[in-house]
Amino acid sequence: MNRREALAKATLLLGGALSGPTLLALGRWENAISPDMRDKLNLSAQQKQLIAEVAEMIIPRTETVGAKDVGVPAFIEMMINDCYQTPEHRSFMAGVTGLEGLKFLQMSAAQKVETLKQVEQKAKEEMKAYNAQTIKFGDNQDMESMNAVKMGLPFWRLMKELTLLGYYTSEGGTKASFEYAPNPGKFELTKLKPGQKTIVY
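What you see is a predicted model, and the numbers here were worked out from it, not measured in a lab.

Conventions used here
Residues numbered from 1 in each chain as written. Predicted model: local features only at pLDDT ≥ 70, side-chain atom pairs only at ≥ 80, totals over all residues. Heavy atoms only, no water. 1 Å grid on protein atoms, 1.4 Å probe; cavity = no way out; pocket = protein on both sides within 12 Å on 5 of 7 lines; lining within 4 Å. Points joined across faces, edges and corners; volume = space filled by probe spheres on them. Helix = DSSP H or I, 4+ residues; strand = E, 2+ residues; numbered from the N terminus. Nonpolar A, V, L, I, M, F, W, Y, C, P; charged D, E, K, R; others polar. Salt bridge = Lys/Arg side-chain N within 4 Å of Asp/Glu carboxyl O. Buried < 20%, exposed > 50% of the residue type's maximum accessible area, 1.4 Å probe, protein only. Phe/Tyr/Trp six-rings, centres within 6.5 Å; stacked < 30°, edge-to-face > 60°. Lys NZ or Arg CZ within 6 Å of the ring centre and 35° of its normal. Expected span 1.5 Å × (residues − 1).

(A) Local environment of the layout of surface pockets. The computed volume of the second largest pocket comes to approximately 390 Å³. Along the walls of the second largest pocket sit 20 residues, with Ala94, Gly95, Lys122, Glu126 and Phe155 positioned nearest its centre. The biggest single contributor to the lining of the second largest pocket is helix 6 (residues 109-138), with nine residues. Along the lines of polarity and charge, the residues of the lining of the second largest pocket split into eleven nonpolar, seven polar and two charged.

Structure follows, in structure tokens:
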């Protein structure tokens, strides 16, 4: 199974856990949007480093591989560029430039954790505004002017979703987290031993 197939299957399995824009983005990737239809983020080297650092803080390297080890930062950039639309580009870049302005990369480990906790708290408020905005858009009021300023899913929500999706659909992330059982036998409850990987069939 290649990554494209894995993503399609993950979409079905995680449908209820992923946001609407992420599910739509996966559909766009599956249907291969042509390059001229894509908006490009034009990330600087520092911004790419910042995205990699945040992804690694979400899934750090321990005794298993981390987000950077399996290429999650490049996956996030590809997904945002190729699959999401302008509102998500705006909100993602707002989050990146916000952390860049705080000099996130120069912070100590403890300061980074505290900053991301604040970003997560702020994202909860942004999700309320996002949901309210979506409802208002549904009313069809002055769509053109509203589209010009429409924000997508908050940066933190996008980062978390794409980090998890990129990690658990990568070969390294899957092997680090799951034990493949090619012949499951009959379906029955399995009690996992401490430290045993989840079984995937």
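(B) Expanded view of the pattern of salt bridges. One pass over the full model with this rule turns up nine salt bridges. Between Glu125 and Lys128 there is a salt bridge, with its nearest N and O atoms 3.5 Å apart. Taken together, the residues Glu125 and Lys128, both in helix 6 and three residues apart, mark about one turn of the helix. A salt bridge links Glu171 to Lys175, with the nearest nitrogen and oxygen atoms 2.7 Å apart. A residue pair is termed a helical-turn pair when its members lie 3 or 4 positions apart in one helix, as Glu171 and Lys175 do in helix 9 (residues 171-177) at four residues. With respect to class, Glu171 is no different from Lys175; both count as exposed. It is possible to trace a salt-bridge network through shared partners that takes in Glu53, Lys68 and Lys112.

(C) Summary view of the packing of aromatic side chains. Tallying each qualifying case throughout the model produces three aromatic pairs. With centroids separated by 5.4 Å and ring planes inclined at 50°, the aromatic side chains of Phe92 and Phe155 adopt a geometry described as tilted. With Phe92 in helix 5 (residues 86-101) and Phe155 in helix 8 (residues 155-168), this residue pair connects regions lying 63 residues apart in the sequence. An angle of 85° between the planes, with centres 5.0 Å apart, marks the rings of Tyr167 and Tyr168 as edge-to-face. Exposure remark for Tyr168: the relative accessible area of 37% places this residue in the partly exposed category. Through a chain of ring-to-ring contacts, three or more aromatic side chains come together here, namely Tyr167, Tyr168 and Phe178. Stacked on the ring of Phe104, the Lys or Arg Lys112 has its end atom at 5.8 Å from the ring centre.

(D) Geometry of helix 4 (residues 72-83). Over its twelve residues, helix 4 runs 15 Å from end to end, which matches the ideal 16 Å to within 8%, given 1.5 Å per residue. Helix 4 sits mainly inside the fold: nine of its twelve residues count as buried. Burial in helix 4 covers these residues: Val72, Pro73, Phe75, Ile76, Met79, Ile80, Asn81, Asp82 and Cys83.

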